[in-house]
Amino acid sequence: MRHSKLIALMLLIIPCTMANAECMKTSAEFDRKVELVLKQVNTNCYDVSGDGRVNCVDHAVLFKLYWDKQFDKEDCIIVRNYNREKEFSHLFVQVWDHEWCRMVEVEPWIDGGNYSHKYRCMECVWGDVYDHFRNRYNETEYWLRIGRFRR
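A brief look at the structure comes next.

What counts and how
- Residues numbered from 1 in each chain as written.
- Predicted model: local features only at pLDDT ≥ 70, side-chain atom pairs only at ≥ 80, totals over all residues.
- Heavy atoms only, no water.
- Salt bridge = Lys/Arg side-chain N within 4 Å of Asp/Glu carboxyl O.
- Helix = DSSP H or I, 4+ residues; strand = E, 2+ residues; numbered from the N terminus.
- Buried < 20%, exposed > 50% of the residue type's maximum accessible area, 1.4 Å probe, protein only.

1. So, the pattern of salt bridges
Thought 1: Tallied over the full model, the rule gives seven salt bridges.
Thought 2: Measuring nitrogen to oxygen at the nearest pair gives 2.7 Å for the salt bridge that ties Glu-29 to Arg-32. Highlighted residues: Glu-29 and Arg-32, both in helix 2 (residues 28–44), separated by three residues, approximately one helical turn.
Thought 3: The class of Glu-29 is partly exposed, set by a relative accessible area of 39%.
Thought 4: What makes Arg-32 partly exposed here is its relative accessible area of 44%.
Thought 5: The partner of Asp-51 in a salt bridge is Arg-53, with the nearest N and O atoms 3.3 Å apart.
Thought 6: Looking at Asp-51, the relative accessible area reads 34%, which means it is partly exposed.
Thought 7: Given the relative accessible area of 51%, Arg-53 is considered exposed.
Thought 8: When salt bridges that share partners are traced, they join Glu-85, Asp-131 and Arg-134 into one network.

Written out as structure tokens, the structure reads:
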């Protein structure tokens, strides 16, 4: 039940844009948790999906697995953004910030441990190839099965 409430809230959230600095604000506790998990993913990332590459799938699945071991499983979901017109297909995660009462986009596929606030806004990372209207939710279990199969 709680998971469906989070999904309903996500659909009501105004998407992040570079012009909307409010979406970049997160609580100190959120930052601490996300940065801890990002460091774990960046340090231990491997080909979880078995496709011969280490890419966004592996980073998003590992982020979710590490998150679930340490924090509330309901607070993190895997999201797929699929934009056929721009030939863009990407996995990332959304994490619940309790203090701000909202889901925050997190890009787990970051460059060499740069844990700046940039990871909080998909449009800031990917520009106009990212279109929040193309986000696909309710796929977390599918992607986790891939990760469990390969472990």
